[in-house]
Amino acid sequence: MASTARSSSTLLKRFLATRLNQSRSVTYMPRPGDGAPRAVTLIPGDGIGPLVTGAVEQVMEAMHAPVYFEKFEVHGDMKAVPPAVIESIRKNKVCLKGGLATPMGGGVSSLNVQLRKELDLYASLVNCFNLPGITTRHDNVDIVVIRENTEGEYSGLEHEVVPGVVESLKVITKFCSERIAKYAFEYAYLNNRKKVTAVHKANIMKLADGLFLESCREVATKYPGIKYNEIIVDNCCMQLVSKPEQFDVMVTPNLYGNLVANTAAGIAGGTGVMPGGNVGAEHAVFEQGASAGNVGSGKEVEEKKANPVALLLSSAMMLRHLQFPAFADRLETAVKRVILEGQYRTHDLGGTSSTQEVVDAVLDALN
Amino acid sequence: MATTRSIPLLKRLIARSQPSRSVTYMHRPGAGSPRPDGSPRQVTLIPGDGIGPLATNAVEQVMEAMHAPVYFEKFEVHGNMKKFPEEVLDSIRRNKVCIKGGLATPMGGGVSSLNVFLRKELDLYASLVNCFNMKGLPTRHDNVDIVVIRENTEGEYAGLEHEVVPGVVESLKVITKFCSERIASYAFEYAYLNNRKKVTAVHKANIMKLADGLFLEACREVAQKYPDIQYNEIIVDNCCMQLVSRPEQFDVMVTPNLYGNLVANTAAGICGGTGVMPGGNVGAEHAVFEQGASAGNVGKDSMVKKKTANPVALLLSSAMMLRHLQFPSFADRLENAVQRVILDGKVRTKDLGGSNTTQEVVDAVIHALAR
């Protein structure tokens, strides 16, 4: 009796394994020396950051992945990102980080934003998709939001003209708009995506968003195989919550991208599961995809119940970026199996597990 | 025998379940009849572009059928006019109340939005959208009842842009204490007068510290004067995510201009779409009622040709207008009729999953008025 129970659970496991194991049909013939470990800068960050980066470290250990982490302590209330950390990222080219808490108001600017500007990580990418096993109100969602990361509303140029009147500058340049549009179309081309949608408010901000749109249109003409359309941002928000299946790749300026990415993450299961990262011409920093909740609440830190899935999937993206596709596949398959089985889920997905329990489940599923 | 008697019984039961006012309004003499100079209560009507004329025509028909004590002064305004005709502005200043369809704003180029111009000219500083689940309309989110109060005159929509050098454009977002204070005062006053429990300020003050910081300060000051109303703040990106996962946590939301636009449209989308949510713009002296959230207020060409625009949003907004003009029982009749049509579910336009035309929906509403 017990044996049938045991054999049925192993049967189930094997059944799930064959369903989920996308095995590559092509064997990768590595170049000699490809397996040498790569250094990656690791910034645990604030709040739930150390929890989730700890999760990544454990999983990388267990997989014997050829990466080793150079850890640096950075906290959101520091005046600036320490030069040692920037040096390390410049050397390693790749970084993985948790969220840095930004103080509200006052004079300290966000270190997250500072890091992106310093390293010119001009594209922020979030992949929002339905994960099998997580029931959401919206199905058929598979959206990639590519957001300009350096200019726009987040230039940080504000001043008080007279007491009680504040001006905030939103700067849009042809240079930045062009390169983000190019990145979006290149991404669509390389990942077999069919459509790129530009999100804007050019009926009101005619010059600023008009310039953004012009750049997108120019780049679109170079990719005739990819459909291109434009949507006003308020209509976009409404369409996202009613018919999200119409969107594929979305390219947006800074502020709209923030909102659209978080909305898209929300409809597909929450910011705790969506992977993403920031990339520039020379560096890449991987972190939880959409920015809301990347530091988490005090309770999550105390009870150690943060959701590590987003950062685990982002670290899989990082492994692909470092050209270790087999490890990336193993990691992603393991995480997806844990989600599909549904036994170990943190609070934001409707479960009660702690971070460590989810990590243990992933480690278990790796085998 | 049994069926012929049960149908009217059923009708009466359904009718009783409709909300009826428990208090009879004792009006001031003359409120329902023509004013001393012989004219009924006048309201400026701007049909607008696209589906605007369809929707405003629906309102006209329904007002006729109810014999509501309002009289429309119609004016043609189109989005591609260089500026707003003076006579229309004079009419609104005289009548104090206006109802309008959307005005199409050309993309790019030099013509600025006439919708925005009207709001600035009349200083309609508060835009209000009420997003709620309607009975009979299935949506992915339940228990939603959100009122988004959005600052309408400054912020990102100041329209101050310039090209510094070719290829570099600067756009100014201006936030003032004066405007932030009055929108916060309006939001808390609204909550107080409508028995709402919570006001949430939406901001991005971690990045735009001075600008949104000023907005937050103003909200906090006003919050202190209303100790019975809960006040909290939420960063706009988290807000968008919460709206799509747990919208029941929001009650009244007060926001600056741009975030308000996006939050209002997202909230309208989760409750059934911008075709059904009522709203309007109000200032100290004037009020302009239109479709609540701005997306789709001009509609598509196919909707115009086939006449399948959804008139529900403008009908409910005109009910808000009737209450504003202090004709509450007409407002109640209109709202009940519209809600009954939606509950019955037989006559619906395309955005609600049906295939009826605007006129069919209007006929159903007029029919429901008689019951």
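Keep in mind it's a predicted model, so treat the numbers as computed, not measured.

Caption draft 1: Structural context of the sheet that holds strand β6 (residues 161–165) of chain B. Reading across the sheet, the four strands line up as β6(A)-β7(A)-β7(B)-β6(B) and stay open at both edges, with antiparallel pairing between neighbours. Edge positions in the sheet fall to β6 (158–162) of chain A together with β6 of chain B, since each has one partner strand and no second. Neighbour-to-neighbour, the strand axes of this sheet turn through a mean angle of 35 degrees, independent of strand direction.

Caption draft 2: Representation of the confidence of the model for chain B. Residues and elements named next belong to chain B. Averaged over chain B, the pLDDT score is 85; the fraction of residues at 70 or greater is 88%. A low-confidence stretch, residues 13–22 stays under pLDDT 50, and its non-local contacts, those more than four residues away or across chains, total five contacts. The ipTM, which scores confidence in the relative placement of chains, is 0.75 for this predicted complex, and the corresponding pTM is 0.82.

Caption draft 3: Examining empty space enclosed by the protein more closely. Residues and elements named next belong to chain B. In this structure the tally under the stated criterion is seven cavities of 30 Å³ or more. When its volume is computed, the largest cavity comes out at roughly 130 Å³. In terms of lining residues, the largest cavity is bounded by 18 residues, among which Arg119, Ser127, Arg150, Gly292 and Ser294 are the most central. Looking at the lining of the largest cavity, the elements with two or more residues in it are β4 (126–132), α8 (257–271), β11 (278–282) and β12 (287–291). Within the lining of the largest cavity, the residues separate by chemical class into four nonpolar, 11 polar and three charged. Each pocket or cavity is described by its volume, and for the second largest cavity that value is around 90 Å³. Together, Ile51, Gly52, Ala55, Lys100, Gly101, Gly102, Gln291, Asn297, Asn310 and Leu314 line the second largest cavity. Across the lining of the second largest cavity, the residue classes break down as three nonpolar, six polar and one charged.

Caption draft 4: Examining unusual backbone geometry more closely. All names here are of chain B. Residue Asn143 is not a glycine yet carries a positive backbone phi of 65 degrees. Relative to the helices and strands, Asn143 is located in the loop between β4 and β5 (145–151). For Gln326, which is not glycine, the phi dihedral falls at a positive 70 degrees. Relative to the helices and strands, Gln326 resides in the loop between α10 (312–324) and α11 (328–344). According to the relative accessible area criterion, Gln326 is exposed, its value standing at 55%.

Basis of the calculations
- Each chain has its residues counted from 1, following the order in which its sequence is written.
- Here every chain gets a letter starting at A, and every ligand a number starting at 1, in the order they are written.
- Two thresholds apply to this predicted model, a pLDDT of at least 70 for residue-level local features and 80 or more for giving and counting side-chain atom pairs, whereas whole-chain, interface and lining totals are computed over all residues.
- Computation of side-chain values: all heavy atoms of the structure, hydrogens and water removed.
- DSSP bridges decide pairing: two strands pair if at least two such bridges lie between them.
- Each helix is a run of DSSP H or I of at least 4 residues and each strand a run of E of at least 2, with the numbering of both proceeding from the N terminus.
- As a rule, the C-alpha atoms of each element are fitted with a line to give its axis, helices using only the stretch in contact, and angles between N-to-C directions run from 0 to 180 degrees.
- Here pLDDT means the predictor's own confidence in every residue, given as a number from 0 to 100.
- Residue contacts follow a heavy-atom distance rule, with two residues in contact if any of their heavy atoms lie within 4.5 Å.
- Using a 1 Å grid laid over the protein atoms alone, points where a 1.4 Å probe fits but cannot get out form a cavity; open sets with protein on both sides within 12 Å along at least 5 of 7 lines form a pocket; any residue with an atom within 4 Å of a point counts as lining.
- Grid points are joined across faces, edges and corners, and a volume is the space filled by probe spheres set on the points.
- By the convention adopted, Pro, Cys, Tyr, Trp, Phe, Met, Ile, Leu, Val and Ala count as nonpolar, Lys, Arg, Asp and Glu as charged, and the other residues, Gly among them, as polar.
- The buried label goes to any residue with under 20% of its type's maximum accessible area, the exposed label to any with over 50%, and the partly exposed label to all in between, with areas taken from a 1.4 Å probe on protein chains only.

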